[in-house]
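Each chain, letter by letter, is given below.
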Amino acid sequence: MSSITLALSKGRIFEETLPLLAAAGIVPTDNPESSRKLIIGTNRPDVRLVIVRATDTPTYVQYGAADLGIAGKDVLLEHGGAGLYQPLDLNIARCRLCVAAPKGFDYAAATRPGGRIRIATKYIDSAKAHFAGKGMHVDLIKLYGSMELAPLVGLADAIVDLVSTGGTLRANNLEEVEEIMDISSRLIVNQASLKLKRDLIQPVLEAFAGAVKP
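Thresholds, definitions, all that
- Residues numbered from 1 in each chain as written.
- Predicted model: local features only at pLDDT ≥ 70, side-chain atom pairs only at ≥ 80, totals over all residues.
- Heavy atoms only, no water.
- UniProt positions renumbered as here; feature names shortened; annotations may be inferred.
- Helix = DSSP H or I, 4+ residues; strand = E, 2+ residues; numbered from the N terminus.
- Domains from an automatic or database assignment.
- Buried area = accessible area lost by both parts, 1.4 Å probe.
- Polar contact = N/O pair within 3.5 Å; in protein donor to acceptor, adjacent residues only side chain to side chain.
- Nonpolar A, V, L, I, M, F, W, Y, C, P; charged D, E, K, R; others polar.
- Patch = residues over 30% accessible without salt bridge, like charges linked within 9 Å, V, L, I, M, F, W, Y side chains within 5 Å.
- Areas by Shrake-Rupley, 256 points an atom, 1.4 Å probe, with all protein chains shown as cover.
- Salt bridge = Lys/Arg side-chain N within 4 Å of Asp/Glu carboxyl O.
- Buried < 20%, exposed > 50% of the residue type's maximum accessible area, 1.4 Å probe, protein only.
- Pairing = 2+ DSSP bridges.

### Side note on the UniProt feature "domain: ATP phosphoribosyltransferase catalytic" (unreviewed entry) in the chain
- In the numbering adopted here, UniProt assigns the feature "domain: ATP phosphoribosyltransferase catalytic" (unreviewed entry) to residues 53–208.
- With 33% helix and 38% strand, residues 53–208 has end C-alpha atoms that lie 22 Å from one another.

What follows is the structure, encoded as structure tokens:
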């Protein structure tokens with residue numbers, strides 16, 4: 001029997017996807033937060049979930065290891081989106097991609113055309129495109145976590161990172177100085193799977209579309 005695999009990451013995306021899954025009649029049999037299983041069954045024998053790192057979701061879908069996935073716009077921009085159909089913005093896991101700097105830092109002066117700034121981020125491509133659009137040079141330092149530390153110890157002038165409430169920035173004496181873009185999570189589909197398994201995938205797409213909150 002033909003089946004479909006949906007790639008999800010733990011945490012906020014998984015939790016906010018549950019109502020969408022329910023709308024499609026899909027209920028996971030385990031909670032990834034309490035289970036060590038990486039492949040999770042559902043109440044439907046033709047649907048399973050695979051739990052992956054958020055940044056790996058597009059890769060699993062691109063190469064067909066998963067037929068569908070849910071990934072943030074930030075992750076998709078860094079991945080490039082090759083081989084992926086992106087039919088739906090699910091309006092979940094919403095946040096902002098921002099530039100943040102220590103309080104008192106003269107960001108306006110540092111970002112004048114022809115200026116130069118050192119930025120720590122894991123969103124290298126998005127940061128590069130943003131600052132190139134300002135006509136300035138930027139030295140990008142790739143980090144994978146604890147971005148807020150970089151300007152505090154002199155590693156970078158500022159950071160580019162996701163911001164939700166801004167609480168972590170405030171706790172580390174940083175402030176948001178520029179918003180780059182709004183971020184939300186999208187449904188992504190392997191293009192070959194959409195053709196070969198349309199009978200299974202299309203009802204899921206329609207159920208998700210009907211359940212998305214504006």
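### Looking at the domain arrangement of the chain
- When the domains of the chain are assigned, the result is domain 1 (4–94 + 184–211) and domain 2 (95–183).
- The gap between the C-alpha centroids of domain 1 and domain 2 is 30 Å.
- Both faces considered, domain 1 and domain 2 share a buried interface measuring about 860 Å² in area, 48% of it formed by carbon and sulfur atoms.
- Its largest share of buried area at the contact with domain 2, domain 1 owes to Asp74, Glu78 and Arg94, together 61% of the area lost on that side.
- In this structure, the connection of domain 1 to domain 2 is made through four residue pairs in polar contact (both at pLDDT 80 or more).
- Looking at the side of domain 1 that touches domain 2, the elements with two or more residues in it are α3 (73–79) and β5 (84–102).
- The leading source of residues in the side of domain 1 that touches domain 2 is α3, at four residues.
- Classifying every residue of the side of domain 1 that touches domain 2 by side-chain character gives two nonpolar, one polar and five charged.

### So, a nonpolar patch on the surface
- Taken together, the side chains of Leu149, Leu152, Val153 and Leu155 present a nonpolar region at the surface, about 350 Å² in accessible area.
- Of note, Leu152 is situated in helix α6 (residues 149–152).

### A look at the pairing of strand β4 (residues 68–72)
- Among the five residues that make up β4, five are buried, leaving the element largely enclosed by the rest of the structure.
- Residues Leu68, Ile70 and Gly72 of β4 are buried on one face, and the alternating residues Gly69 and Ala71, pointing to the opposite face, are buried as well.
- One ladder, built from two bridges, connects strand β1 (residues 4–8) with β4; its direction is parallel. Note that in β4 the partner of Leu6 across the bridge is Leu68.
- Relative to strand β9 (residues 174–190), β4 runs antiparallel, the two sharing five bridges. Across the sheet, the residue bridging to Gly69 is Ile188, located in β9.

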